[in-house]
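Coordinate inspection notes
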Amino acid sequence: MRYRREETVIHLARHGQTQNPLGLVKGNLPGFGLSKIGRDQVNEAALHLKRAHPSAIFSSPLQRSRETARIFLAHFPTSSSGILFSLREWDYPRWENIPLAEVKARYPAEWHAYLTHATSLNDPAGETLISSQHRMRAEIERLRHRFVGETIILCSHGDPILSVRAYFEHINLNHFKTMECELGSLTTLTFDAPHDWPTVTYWAPATGPHQDEDERGGARMHRIGQPLRAAQLGSATHGRWG
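Attention in this report is confined to the structure presented alongside it. (Residues numbered from 1 in each chain as written. Predicted model: local features only at pLDDT ≥ 70, side-chain atom pairs only at ≥ 80, totals over all residues. Heavy atoms only, no water.)

A word on the overall build of the protein. What the protein contains, in helices and strands, is six helices and six strands. Expressed as a percentage of the 242 residues in the protein, the buried residues total 54%. When contacts within the protein are restricted to residue pairs at least 6 apart in sequence, long-range pairs at least 24 apart make up 74% of them. Accessible area of the protein: about 10,500 Å², with a carbon and sulfur share of 53%. (Helix = DSSP H or I, 4+ residues; strand = E, 2+ residues; numbered from the N terminus. Buried < 20%, exposed > 50% of the residue type's maximum accessible area, 1.4 Å probe, protein only. Contact = heavy atoms within 4.5 Å. Areas by Shrake-Rupley, 256 points an atom, 1.4 Å probe, with all protein chains shown as cover.)

Next up on the list: helix 5 (residues 129-146). The end-to-end C-alpha separation of helix 5 is 26 Å, in line with the 26 Å expected for 18 residues at 1.5 Å each. All of the buried residues along helix 5 are L129, S132, Q133, R135, M136, E139, I140, L143 and R144. Projection of helix 5 onto a plane perpendicular to its axis shows the buried side chains occupying an angular sector of 165 degrees, all on one side. Of the surrounding secondary structure, the elements contacted by the buried residues of helix 5 are strand 1 (8-14), strand 2 (56-59), strand 4 (151-156), helix 6 (158-168) and strand 5 (186-191). (Expected span 1.5 Å × (residues − 1). Arc of directions from axis to C-beta.)

Moving on, we get to the pairing of strand 1. The element strand 1 is largely enclosed, with a buried count of seven among its seven residues. Pairing of strand 1 with strand 5, which is carried by six bridges, proceeds in the antiparallel orientation. Bridging across to strand 5, I10 finds its partner in L189. By the bridge criterion, six bridges tie strand 1 to strand 4 in an arrangement that is parallel. Counted as the bridge partner of H11 is I153 from strand 4. (Pairing = 2+ DSSP bridges.)

Before going further, it helps to examine the environment of L62. Mapped onto the elements, L62 comes out in the loop between strand 2 and helix 2 (63-75). Using a relative accessible area of 8% as the deciding quantity, one classes L62 as buried. Measuring from C-alpha to C-alpha, the distance between L62 and C155 comes to 9.9 Å, with 93 residues separating the pair along the chain. Not counting the four nearest positions on each side in its chain, L62 is found in contact with G27, N28, L29, E89 and H157.

Our next topic: the packing of helix 5 against helix 6. Close contact between helix 5 and helix 6 brings their axes to 9 Å; oriented N to C, the two are set at 75 degrees. Between helix 5 and helix 6, the crossing angle belongs to the class labelled roughly perpendicular. Contacts between helix 5 and helix 6 involve L129, S132, Q133, M136, R137, I140 and E141 from the first element and P160, I161, S163, V164, Y167 and F168 from the second. Taken together, the residues of the contact of helix 5 with helix 6 break down into eight nonpolar, three polar and two charged. (Axes fitted to C-alpha atoms, helices over the stretch in contact; angles between N-to-C directions. Parallel < 35°, antiparallel > 145°, perpendicular 65-115°, else oblique. Nonpolar A, V, L, I, M, F, W, Y, C, P; charged D, E, K, R; others polar.)

Another aspect to go through is the packing of aromatic side chains. Evaluation of the coordinates by the stated rule reveals twelve aromatic pairs. Between W95 and W111, the ring centres sit 5.8 Å apart and the planes meet at 45 degrees, which makes this aromatic pair tilted. Linking W95 in the loop between strand 3 (80-83) and helix 3 (100-106) with W111 in helix 4 (residues 108-116), this pair joins segments that are 16 residues apart in sequence. An identical accessibility class is assigned to W95 and W111; each is buried. Between Y167 and W197, the ring centres sit 5.3 Å apart and the planes meet at 45 degrees, which makes this aromatic pair tilted. (Phe/Tyr/Trp six-rings, centres within 6.5 Å; stacked < 30°, edge-to-face > 60°.)

On to the environment of L84. The topology assignment puts L84 in the loop between strand 3 and helix 3. Of the residues examined, L84 reaches a relative accessible area of 13% and is grouped as buried. Distance in space between the C-alpha atoms of L84 and S59 is 6.0 Å, their sequence separation being 25 residues. Each residue touching L84, except ones within four places of it in the same chain, is listed here: F58, S59, S60, P61, E139, R142 and L143.

One open sheet accounts for six strands, arranged 3-2-4-1-5-6; its pairing is mixed. Lying at the two open borders of the sheet, with one neighbouring strand each, are strand 3 and strand 6 (199-203). When the angles between neighbouring strand axes are averaged without regard to direction, this sheet yields 20 degrees. Each of strand 1, strand 4, strand 5 and strand 6 is contacted by helix 6, which is oriented at about 140 degrees to strand 1, the strand it contacts most.

Set out below in structure tokens:
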């Protein structure tokens, strides 16, 4: 019997720009809906996927992620949908509801660790980056076996998406800030068979700005739409949280 190749595609969609004029670190706080630019970014991402025909669209419980999923659903009305708690932002509540500039001034050692050795950060009221990566990985594993041969969209947040991208690209998690995950971007995992390692590609919208008010991002590290290779990575000099 000839083996039939099944391609399972998971698009990890980062939310668009939010309404956050004070530049507060949002984390898992409620509120912070999409701005008009943010909605335009997600619409551009949906148009990029116009031939994708996703079977399902899931989002984190946070407002910016839910609004992102609703825009995708407007483009793909036959897709099923749902909210998954596992897609939430990295839970580090000590920084939440504080302007980013103040976070840097109040917690300089933590900020440096975030950019260079993030696995060492541990807020007892939240979770480690490794824990965040594990829950995202577990959800992706569950969904790729549930939707074999299909395409789905998972609307999530910058750091969780970067953490699983680092895993699938065989990159040290402490270097996860050397990769890009711009607002409205798509990090795509393509599995050729249920037990294969995925190909990872990245796309970002032309609509800017590419970072939120509580972010400081670096230059794009690779060509849009191409697999990221470890050799293309530089040193982390900037960071973002959103």
